[in-house]
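These are the residues of each chain, in order.
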Amino acid sequence: MPYGEATATSTSVPAPVGGWNARDSLANMDPTDAITLDNMIPGTDRVDGRRGYSTHSSPSVVTLDIDTLATWAGPSSQSLWAFAMVTTNKRAFDCTTPAGTPSANAAFSALAHTGTRADYVTEVFSNSGGTYLYCCDALGENAPAHYNGTTWAAPSISGVTAANLVSVAAYRYRLFFIEKNSLNLWYLPRDAIAGTVTRFSLGGYAKDGGYLVAAGTWTVDAGDGVDDMFVVVTSQGQVLLYQGNDPSSASAWRLAGIYKTAPPIGPHCLLRYGSSLFVLTTDGMVAVESLFSQSLAQPAVPITDKVRSAFYQSAQDWGTQPGWSSIYYPAGRYILVNIPQSSYSSVSTSKPVHQYVMNTQTRQWCRFTGMSARSWALMNGALYFGSTAGVVYKADDTYTDGTNTIQYKVKQAFNYFGTRGNVKQWTMMRPTFLTDALTVSGTIYIDTDFQARQLIAGTAITAGSGAVWDATPWDTAFWDSSVEILQEWQMAGGIGHCAAPVILIETNGAQLSWYATDWVYRVGGMI
């Protein structure tokens, strides 16, 4: 070896359980982080390949985006509704039943909603009359509508032009509405779903101007017990907090605080998780409670901090496009942020969309690709998305993406293996996988000294006789389905100061987990 006396050694490095890192320098990442972590979810002791999706419902005559997916949740049943454009008409489809091809709901069609995009802000609200899925047209093109578990109807709302009510939120037995392009809130009487609304202007407090974007609730323990606050976010990033139950009474309604964050992204920018309320902003996903003590010296840290460079770039490139939203999926134990990667005006049915996903146990991130989702919802605990191709899919359901393979792409952080100043020669590596693969193919190699070769996955191969890893090229054979633990040495040549393993795998109906990688290398002298 031309760089000094060489010493053979070996070591084992955990899989990238530290998650996707789009923040730190390549030279200073933790070895258990990943530069790329696509479709693999970081856990406590391994990374798991995400599950795929299957067709749940195919609304008739819809060929492009399912702009909104919403759930009516009654006392003993739930139903899933998809909203999409049919020419210039906004239509609603009952997609509760699997494998259906529902027609447009006649009662909703009779409301004659028209416009450019079927984007609705929804809220479930219950009173003595029943449970309602309340929908406000986010573009301000049509008056609100609601579904009571049986039929759709248009509530009679007076005191304001009803079509200008672009968002709805429930707080303390009362429905609040946001007026389009204004700093006005409107609210109905207690327990009412229709009637005369009363204006509550925030113009005197929203000193930065702009307009109201979203409203929601946040649970806080102020020291004298747990209480809910009403949170309103402006387009300028001001966050206003209110307490009370009657905005018409000075003794029963008060301003609890005004805080500042980055501008929010879109009308679906709020996410309730536990007692927290997160705001999706151009700087990342910020918890309302983190705004209380922020200063220039100690700014609020978004939960997306570790992927902030990627998040910021997506917000700059695509922040004005519809489709930004977030959802908490309890069964999968993750928070998912939907991030469009193309223009909505495209007539393509395969507009690229990514999802940035955080494991709520470890707070580490990864990225999902291959799911062109415009909208998301839960029904009976299961996760669904409305696609850019007019189909409602059930996510986290199979180990294929429809009829396609799932592509897992990982580039772990560069690792100096304890000696930054020494040159090394890597000769072999042995990743440890757990899989029940029937059809798997892949490529494995290493990059050294911050190389960035393009990540290109192999092609899945039809099942045949099992292949031995170190005797058969990865891109020409599949792994034997009888094998559960896959642990064979692979040739991995490279010379440099640091190395990063790159693993590209496709599966077709197979579970896949990665636990660790063993290395054999020689350490040379200083250079």
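Treat the numbers as computed from the prediction; the structure is a model and nothing was measured. Here the residue index of a chain counts from 1 through its sequence in written order. Side-chain atom pairs in this predicted model are given and counted only at pLDDT of 80 or more, local residue features only at pLDDT of at least 70, and totals for whole chains, interfaces and linings cover all residues. The side-chain figures draw on all heavy atoms in the structure; neither hydrogens nor water molecules are used.

(A) Structural detail: the overall build of the protein chain. The helix and strand inventory of the protein chain stands at two helices and 40 strands. Counted over contacts in the protein chain with a minimum sequence separation of 6, partners at least 24 positions apart contribute 63%. Accessibility throughout is a Shrake-Rupley quantity obtained with a 1.4 Å probe, and a residue counts as covered only by protein chains that appear here. Split by element, the accessible area of the protein chain, about 21,000 Å² in all, is 49% carbon and sulfur. Helical segments are the DSSP runs of H or I of at least four residues, strand segments are the runs of E of at least two, and each set is numbered from the N terminus. By the convention used here, residues are in contact when the closest approach between their heavy atoms is within 4.5 Å.

(B) Up close: the environment of Arg254. Position of Arg254 among the secondary structure elements: in strand S23 (residues 253-260). Taking the C-alpha atoms as reference points, Arg254 and Gly244, separated by 10 residues in sequence, lie 6.4 Å from one another. Sequence-distant contacts of Arg254, defined by excluding residues within four places in its chain, comprise Leu241, Tyr242 and Gln243. Pairs of N or O atoms within 3.5 Å make up the polar contacts considered here, provided that, within protein, one atom can donate a hydrogen while the other can accept it, and that residues adjacent in sequence are counted only when both atoms are side-chain atoms. Polar side-chain contacts of Arg254 include one of 2.4 Å to the side chain of Gln243.

(C) Highlighting the sheet that holds strand S31 (residues 373-379). Criterion used throughout: strands pair if DSSP finds at least two bridges between them. Taken in spatial order, the four strands line up as S6-S33-S32-S31 in an open sheet, and their pairing is antiparallel. If you trace the sheet from one side to the other, it starts and ends with strand S6 (53-57) and S31, each paired once. On average, adjacent strands in this sheet sit at an angle of 35 degrees to one another, irrespective of strand direction. Taken together, the six bridges between S31 and strand S32 (residues 382-387) define a ladder with antiparallel strand orientation. Paired with Ala373 across the two strands is Ser387, which belongs to S32. Every axis in this analysis is a line fitted to C-alpha atoms, fitted for helices over the stretch in contact. Angles between the N-to-C directions lie between 0 and 180 degrees.

(D) Here's a closer look at the pairing of strand S29 (residues 353-359). Burial classification: accessible surface area is computed with a 1.4 Å probe over protein chains only, and a residue below 20% of its type maximum counts as buried, one above 50% as exposed, and the rest as partly exposed. Taking burial as the measure, the seven residues of S29 include seven buried ones, the bulk of the element. Where burial is concerned, the two faces of S29 agree: the one with Val353, Gln355, Val357 and Asn359 and the one with His354, Tyr356 and Met358 are both buried. When strand S28 (residues 334-340) meets S29, the two strands line up antiparallel, connected through seven bridges. Looking at S29, one finds that Leu336 is bridged to Val357. Both S29 and strand S30 (residues 365-368) contribute to a ladder of four bridges, which runs antiparallel. Note on S30: the bridge partner recorded for Gln355 is Phe368.

(E) Summary view of the sheet that holds strand S7 (residues 66-73). The strand order across the open sheet formed by three strands is S7-S8-S9, and the pairing between neighbours is antiparallel. Bordering the open sheet on either side are S7 and strand S9 (89-94), each of which pairs with just one other strand. Here the average twist between neighbouring strands, direction ignored, is 25 degrees. Bridge analysis of strand S8 (residues 78-86) against S9 gives six bridges, and the strand direction is antiparallel. The residue bridging Val86 from the neighbouring strand is Asn89, located in S9.

(F) Inspection of the packing of aromatic side chains at higher detail. Two rings from Phe, Tyr or Trp (for Trp, the six-membered ring) form a pair when their centres are within 6.5 Å of each other. A pair whose planes differ by under 30 degrees is stacked, one over 60 is edge-to-face, and the rest are tilted. Counted under the stated rule, the structure contains 38 aromatic pairs. Ring centres 5.4 Å apart and planes at 35 degrees place the aromatic pair Tyr147 and Trp152 in the tilted group. Its relative accessible area of 7% is what places Tyr147 among the buried residues. What makes Trp152 buried here is its relative accessible area of 4%. Clustering of aromatic rings is evident, with ring pairs tying together Trp72, Trp81, Phe83, Phe108, Tyr120, Tyr147 and Trp152. Here the basic side chain of Arg50 rests over the ring of Phe368, its NZ or CZ set 5.6 Å away from the ring centre. Sitting over a ring, as applied to charges here, requires NZ of Lys or CZ of Arg to be within 6 Å of the ring centre and within 35 degrees of the ring normal.

(G) How the structure looks around the confidence of the model for the protein chain. Each residue carries a pLDDT score, the predictor's own confidence in it, on a scale running from 0 to 100. Across the protein chain, pLDDT averages 90, with 90% of residues at or above 70. Low confidence marks residues 457-481, where pLDDT is under 50. Its contacts with residues over four positions away, or in another chain, come to 67 contacts.

(H) Inspection of the pairing of strand S10 (residues 120-127) at higher detail. Here S10 pairs with strand S11 (residues 130-137) via eight bridges, running antiparallel. Looking at S11, one finds that Glu123 is bridged to Tyr134. Hairpin connection, S10 to S11: the antiparallel pair is bridged by two residues.

(I) The environment of Thr400, seen in detail. In this fold, Thr400 is placed in the loop between strand S33 (392-395) and strand S34 (406-412). Of the residues examined, Thr400 reaches a relative accessible area of 14% and is grouped as buried. In this structure the C-alpha to C-alpha distance between Thr400 and Tyr53, which are 347 residues apart in sequence, comes to 6.4 Å. For Thr400, the residues in contact, after removing those within four places along its chain, are Gly52, Tyr53, Ile406, Asn508 and Gly509. A polar contact of 3.0 Å, which involves the side chain of Thr400, links it to the backbone oxygen of Gly402.

(J) Quick peek at helix H2 (residues 308-318). The complete set of buried residues in H2 reads Ala310, Phe311, Ser314 and Ala315. When H2 is viewed along its axis, its buried side chains cluster within an angular range of 135 degrees and face the same direction. If you follow the buried residues of H2, they end up packed against strand S2 (19-20), strand S25 (276-281), strand S26 (284-287), S28 and S29. In this context, the arc is that of the directions from the helix axis out to the C-beta atoms.

(K) Just the environment of Phe176, in detail. Along the chain, the position of Phe176 falls in strand S16 (residues 175-179). Linking Phe176 and Leu165, residues 11 residues apart in sequence, is a C-alpha distance of 9.6 Å. Those residues in contact with Phe176 that lie beyond four places of it in its chain are Ser167, Val168, Ala169, Tyr171, Trp186, Tyr187, Phe230, Pro247 and Trp253.

(L) Summary view of the pattern of salt bridges. The rule for a salt bridge is simple: a side-chain nitrogen of Lys or Arg has to be within 4 Å of a carboxyl oxygen of Asp or Glu. In this structure the tally under the stated criterion is 21 salt bridges. Note that Arg23 is salt-bridged to Asp305, the shortest N-O span being 2.8 Å. Of this pair, Arg23 sits in the loop between S2 and strand S3 (33-38) while Asp305 is found in the loop between S26 and H2, placing the two residues 282 residues apart along the sequence. A salt bridge links Lys394 to Asp397, with the nearest nitrogen and oxygen atoms 3.9 Å apart. What you see here is one network of salt bridges that share partners, running through Arg23, Asp24, Asp305 and Arg308.

(M) Expanded view of the side chain of Asn21. Note that Asn21 resides in the loop between S2 and S3. Of note is the side chain of Asn21, whose polar atom sits 2.9 Å from the backbone nitrogen of Arg23. Those residues in contact with Asn21, other than ones at most four positions away along the chain, are Met29, Asp33, Ala34, Ile35 and Lys306.

(N) Spotlight on unusual backbone geometry. Even without being glycine, Asn181 reaches a positive phi, approximately 50 degrees. Its location among the elements puts Asn181 in the loop between S16 and strand S17 (184-187). Positive phi outside glycine occurs at Asn380, with the angle close to 50 degrees. Structurally, the position occupied by Asn380 is in the loop between S31 and S32. Note on Asn380: relative accessible area 56%, which makes it exposed.

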